[in-house]
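Each chain is listed here by its residues.
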Amino acid sequence: MAEIQVNEDEVQVGAETASVCPACQALLSDGTIQGKSVLYCTKCRGLLLPIANFLPLVEFLRTLRRPTGSDIQPRDNSDADRHFTCPQCGKSMTGHPYGGPGNVNIDTCESCSVIWLDRNELQRIVMAPDHYPVYSRYDSGGGLRRTN
Ligand SMILES: [Zn+2]
Ligand SMILES: [Zn+2]
């Protein structure tokens, strides 16, 4: 029985494509996560996937997450005004805050209905708690932590 090889991002990486990573300009590779097609950057480990596949993927990855990841990180706006070019159509992608958990800024192409996620962004969305608990202090590590 052939075992499917997936990497630590749950991606089964296939052949390199001609599409260019919007984040690091490496060539994206074909990949699949749970049978869903994605484009995957083996260099920066970002993902481009159809918006329709995004929520099912997050839901699936959340079922795999380890129960330790309950820290909420403050929104990192360092990437809020970057300008990505869609690897599929060459138009500018739209950066905006993701409305779900994780406090991340995401980039989408409305024309292609695709979403770009940096590796840490997918991790943050997946690892974020389902509900927002109350936080009352900053810890020295620079992140907000649960106080109970
Ligand atoms: Zn990249
Ligand atoms: Zn596009």
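Scroll up to find the structure this text is about.
This structure is a prediction, so every number in the text was calculated from the model and none was measured.

Explain the coordination of the zinc ion (ligand 2) residue by residue, including any values.
Those protein atoms acting as donors to the zinc ion (ligand 2) are Cys 86 (SG), Cys 89 (SG), Cys 109 (SG) and Cys 112 (SG), and they sit at 2.2 to 2.3 Å. Given 4 donor atoms and angles of 104 to 113° at the metal, the environment of the zinc ion (ligand 2) is assigned as tetrahedral. Here the donor residues for the zinc ion (ligand 2) map to a single chain with the spacing C-x2-C-x19-C-x2-C. You can see Cys 86 sitting in the loop between helix 1 (51–64) and strand 5 (94–97) and its partner Cys 109 sitting in strand 6 (residues 105–109), a full 23 residues away along the chain.

Describe helix 1, naming the residues involved and giving the relevant values.
Under the 1.5 Å per step criterion, the end-to-end length of helix 1 is 21 Å for 14 residues, consistent within 8% with the ideal 20 Å. Of all the residues in helix 1, the buried ones are Asn 53, Phe 54, Leu 57, Val 58, Leu 61 and Arg 62. Each buried residue of helix 1 lies within a common arc of 165° when the element is viewed along its axis, so the set occupies one face. Pointing more than 90 degrees away from the buried face of helix 1 are the exposed residues Ala 52, Glu 59 and Thr 63. Buried residues along helix 1 sit in contact with strand 2 (27–33), strand 3 (36–40), strand 4 (47–50), strand 7 (114–117) and helix 2 (119–127).

Please set out the packing of helix 1 against helix 2 residue by residue, giving values where relevant.
It is at 9 Å that the axes of helix 1 and helix 2 come closest, and there the two elements cross at 65°. In the packing of helix 1 onto helix 2, the handedness of the crossing is right-handed. For the pair helix 1 and helix 2, the contacting residues are Phe 54, Val 58, Leu 61 and Arg 62 in the first and Leu 122, Ile 125 and Val 126 in the second. When grouped by side-chain class, the residues that make up the contact of helix 1 with helix 2 number 6 nonpolar, no polar and 1 charged.

Lay out the coordination of the zinc ion (ligand 1) in plain terms, naming residues and giving numbers.
Around the zinc ion (ligand 1), the protein contributes the donor atoms Cys 21 (SG), Cys 24 (SG), Cys 41 (SG) and Cys 44 (SG), at 2.2 to 2.3 Å from the metal centre. Coordination of the zinc ion (ligand 1) draws on donor residues from a single chain, spaced C-x2-C-x16-C-x2-C in sequence. Taken together, the residues Cys 24 in the loop between strand 1 (12–20) and strand 2 and Cys 44 in the loop between strand 3 and strand 4 connect sequence positions 20 residues apart. Of the residues examined, Cys 44 reaches a relative accessible area of 25% and is grouped as partly exposed.

Describe helix 2, naming the residues involved and giving the relevant values.
For an α-helix, the turn length of 3.6 residues means that residues three or four places apart are oriented alike. All of the buried residues in helix 2 are Glu 121, Leu 122, Arg 124, Ile 125 and Val 126. On the buried face of helix 2, the contacting elements are strand 4, helix 1, strand 6 and strand 7.

Break down the nonpolar core for me, with residues and values.
Residues Leu 47, Leu 49, Phe 54, Leu 117, Leu 122 and Ile 125 are the most contacted members of the largest nonpolar core, which totals 18 residues. Those elements that provide at least two residues to this core are strand 3, strand 4, helix 1, strand 7 and helix 2. Per-element accounting of this core gives the leading share, 4 residues, to helix 1. Dropping the residues within four chain positions of it, Ile 125 is found in contact with Phe 54, Val 58, Arg 62, Tyr 98, Pro 101, Gly 102, Val 104 and Leu 117. Counting residues in hydrophobic clusters, the runner-up holds 12 residues, among them Cys 21, Leu 39, Cys 41 and Met 93.

For the pairing of strand 3, give the residues involved together with the corresponding values.
For strand 2 and strand 3, the ladder comprises 5 bridges, and the chain directions are antiparallel. Looking across to strand 3, one finds that Ser 29 is bridged to Tyr 40. In textbook terms, the turn of a hairpin is the stretch between consecutive antiparallel strands, and for strand 2 and strand 3 this stretch comprises 2 residues, one of which, Gln 34, has a positive phi near 50°. Across 2 bridges, the pairing between strand 3 and strand 4 is antiparallel. Across the sheet, the residue bridging to Leu 39 is Leu 48, located in strand 4. Connecting strand 3 to the antiparallel partner strand 4 that follows it, the hairpin turn spans 6 residues, and Arg 45 within it adopts a positive phi of roughly 65°.

Reading the values: rules and limits
Residues numbered from 1 in each chain as written. Chains lettered and ligands numbered in written order. Predicted model: local features only at pLDDT ≥ 70, side-chain atom pairs only at ≥ 80, totals over all residues. Heavy atoms only, no water. Donors = N, O, S within 2.8 Å, 3.2 Å for Na, K, Ca; no water. Tetrahedral: all angles 85-135°; square planar, octahedral: opposite > 155°, others 65-115°. Helix = DSSP H or I, 4+ residues; strand = E, 2+ residues; numbered from the N terminus. Expected span 1.5 Å × (residues − 1). Buried < 20%, exposed > 50% of the residue type's maximum accessible area, 1.4 Å probe, protein only. Arc of directions from axis to C-beta. Contact = heavy atoms within 4.5 Å. Axes fitted to C-alpha atoms, helices over the stretch in contact; angles between N-to-C directions. Left-handed = near helix turned anticlockwise from the far one by under 90°. Nonpolar A, V, L, I, M, F, W, Y, C, P; charged D, E, K, R; others polar. Core = buried A, V, L, I, M, F, W, Y, C linked by side-chain atoms within 4.5 Å. Pairing = 2+ DSSP bridges.

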